[in-house]
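Coordinate analysis (summary)
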Amino acid sequence: MKNIRFYEAEKYKTSEYEKVESMIYKTMEKINQGDGNYSFKGCSDEALVTKLLESNEWEQGTGKGLARYMIMTHQGKRYYRTTEYIGTDKDIIYIEKEPDPIYVTSIVFEPEPELGENEPAAAFVSQYPLEDILDKYYVYCGDFYEKENEMDKENSYVEFASCSIEDIRNVLTLIGKHVYNKEDGDYIFLKIE
């Protein structure tokens, strides 16, 4: 990876993103997108839990991901119980988890095939040194920019994401640097120059 620079993605100009610092944006994690994956947390209000457990207003969930739950709406909030645990000591009342803020930044760089990276015209980003960057800076890939990577025959694009703004600040120190993997005997090291 050489000639690493910030990439201001078009999506950062939408209402889903808020600029919080130079080159850093905040968005909310994507949960409950209708794909059957739901994020719950246990209800901690013991008096409310007791009241809800005694209620006869529970209804069987339907649709992708909800068929295994009993669902009840109480005072404008939805509550959930796993059907297989009803009446047992594992009968827990759940509420939907609120999305957490996620901090993101994106880079564009020139890949170096001579150092084991993809060809610049490839529509994907090489696993290495990207995987080592993710490990070193405690970030993950928020977007692989498939369209940009397919259309640009000289550069590669990737978005880094983390729930910690400090991790994003740290990964931004790669701007202007040369990053690659170097083999030394039986080991491969991430080099940042």
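Here the structure is a predicted model, which means the values were calculated and not measured. For every chain, the first residue of the written sequence is number 1, and numbering continues from 1 onward in sequence order. Selection of residues for local features in this predicted model requires a pLDDT of at least 70, selection of side-chain atom pairs for listing and counting requires 80 or more, and totals for whole chains, interfaces and linings are taken over all residues. By convention in this description, side-chain values take in all heavy atoms of the structure and omit both hydrogens and water.

Take the buried Ala, Val, Leu, Ile, Met, Phe, Trp, Tyr and Cys residues and link them wherever side-chain atoms come within 4.5 Å; each set so joined is a nonpolar core. Each residue is assigned to one of three classes by its accessible area relative to the maximum for its type, calculated with a 1.4 Å probe on protein chains only: buried under 20%, partly exposed between the two thresholds, exposed over 50%. If you look at the biggest cluster of nonpolar residues, it comprises 21 residues, and the most contacted ones within it are I133 and F160. For this core, the leading source of residues is helix α2 (residues 130–137), giving four residues. Residues within four places of I133 in sequence aside, it is in contact with M1, V139, F160, V171, L174, V179 and L190. With eleven residues, the next largest nonpolar core counts Y25, V104, Y157 and A161 among its residues. Elements are defined by DSSP. Helices are runs of H or I of four residues or more, strands are runs of E of two residues or more, and each kind is numbered from the N terminus. A contact between two residues is defined here by any heavy atoms of the two lying within 4.5 Å.

Two strands pair under a simple rule: DSSP has to find at least two bridges between them. Reading across the sheet, the five strands line up as β4-β8-β7-β6-β5 and stay open at both edges, with antiparallel pairing between neighbours. The sheet is open, and its two borders are formed by β4 (40–42) and β5 (59–60), each paired with just one other strand. Here β5 runs beside strand β6 (residues 69–74); their pairing, made up of two bridges, is antiparallel. Residue pairing across strands places Q60 opposite M70, the latter belonging to β6. Think of each axis as a best-fit line through the C-alpha atoms, taken over the contacting stretch in the case of a helix, with angles from 0 to 180 degrees between the N-to-C directions. Each of β6 and β7 (77–82) touches helix α1 (residues 46–54); the most contacted strand, β6, lies at about 115 degrees to it.

Attention now moves to the pattern of salt bridges. Should the charged atoms of two oppositely charged side chains come close, the side chains can pair. Here a salt bridge means any side-chain nitrogen of Lys or Arg lying within 4 Å of a carboxyl oxygen belonging to Asp or Glu. A complete count under the given rule lists nine salt bridges for this structure. Residue E10 pairs with K13 through a salt bridge whose shortest N-O separation is 3.2 Å. Here the two residues E10 and K13 agree in accessibility, since each one is exposed. Each of K11, D143 and E159 takes part in one network of salt bridges that share partners.

Position of R81 among the secondary structure elements: in strand β7. For R81, a relative accessible area of 7% puts it in the buried group.

Geometrically, the link from Y128 to P129 is a cis peptide bond, its omega value of 10 degrees lying close to zero. Relative to the elements of secondary structure, P129 occurs in the loop between β9 (101–110) and α2. Notably, M23 is not glycine yet its phi reads approximately 70 degrees, a positive angle. You can see M23 is positioned in the loop between β2 (18–21) and β3 (24–28). For Y138, which is not glycine, the phi torsion reads 55 degrees and is therefore positive. Here Y138 is to be found in the loop between α2 and β10 (140–143).

This brings us to the state of the cysteines. A pair of cysteine sulfur atoms is labelled a disulfide when the two atoms are within 2.5 Å. This structure, assessed with the given rule, holds zero disulfides. Free of any disulfide, C141 has its nearest neighbouring cysteine sulfur in C163, separated by 15 Å. Judged by its relative accessible area of 60%, C163 falls in the exposed class.

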